[in-house]
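Single-letter residue listing:
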Amino acid sequence: LKSLSEIVEEYIVQQIDHGVNLVQLFEAMGSYISEELYTEVCLPYLCEIVRNVKRRRPEYPVMVFVRGGSYTMETLSEVGVDVVTLDGSVELEEVRNRLGSCVVQGCFDPKTLITSGAGIE
């Protein structure tokens, strides 16, 4: 995972150097392993990527999404993520109570679009 995180970091820096305005780390498989295992094995590398990218290109915003990983939001906010993207597994009010002023995106369950549509305006 160390080698992979170094490759991802360099890839992100190269994207920035070639003109992107914002980067997002998208962890689509986070919901497939336990919270304990993700926190112990994966999260430290994700945080390392963010810290290193922010150290190398501090003026560029970094967004992070961990599907099913709302338990990571405080750690991600503390490590310097500019925008925490969340899935629909957590209520926005809970997020605000836990994160305060950190920018948040998401908190919407797309299944709502294919159900009755109640509550969508």
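For the structure, check the block above.
In short, a report on the structure. This one's a predicted model, so the numbers in the text were calculated from it and none came from an experiment. (Residues numbered from 1 in each chain as written. Predicted model: local features only at pLDDT ≥ 70, side-chain atom pairs only at ≥ 80, totals over all residues. Heavy atoms only, no water.)

1. Observations regarding the packing of aromatic side chains
Both the distance between ring centres and the angle between the ring planes are used here to describe each pair of aromatic rings.
Piece 1. This structure, assessed with the given rule, holds two aromatic pairs.
Piece 2. Residues Phe26 and Phe65 carry aromatic rings whose centres are separated by 4.8 Å and whose planes lie at 40 degrees to one another, so their mutual orientation is tilted. Of the two residues, Phe26 sits in strand β1 (residues 23-27) while Phe65 sits in strand β2 (residues 62-66), which places them 39 residues apart along the sequence.
Piece 3. Since its relative accessible area comes to 5%, Phe65 is described here as buried.
Piece 4. Taking the centre distance of 6.3 Å and the plane angle of 75 degrees together, the rings of Tyr38 and Tyr71 count as edge-to-face. Separated by 33 residues along the polypeptide, Tyr38 in helix α2 (residues 35-56) and Tyr71 in the loop between β2 and α3 (73-79) bring together distant segments of the chain. (Phe/Tyr/Trp six-rings, centres within 6.5 Å; stacked < 30°, edge-to-face > 60°. Helix = DSSP H or I, 4+ residues; strand = E, 2+ residues; numbered from the N terminus. Buried < 20%, exposed > 50% of the residue type's maximum accessible area, 1.4 Å probe, protein only.)

2. Considering the packing of helix α1 (residues 2-17) against α2
Two measures define how a pair of helices packs: the angle their axes make with one another and the distance between the axes.
Piece 1. Relative orientation of the contacting elements α1 and α2 amounts to 35 degrees, with a least axis distance of 9 Å. The interaxial crossing formed by α1 with α2 has right-handed handedness. Here Lys2, Ser5, Val8, Glu9, Glu10, Ile12, Val13 and Ile16 of α1 lie close against α2, whose contacting residues are Tyr45, Glu48, Ile49, Asn52, Val53, Arg55 and Arg56.
Piece 2. Residues that form the contact of α1 with α2 fall into these classes: seven nonpolar, two polar and six charged. (Axes fitted to C-alpha atoms, helices over the stretch in contact; angles between N-to-C directions. Left-handed = near helix turned anticlockwise from the far one by under 90°. Contact = heavy atoms within 4.5 Å. Nonpolar A, V, L, I, M, F, W, Y, C, P; charged D, E, K, R; others polar.)

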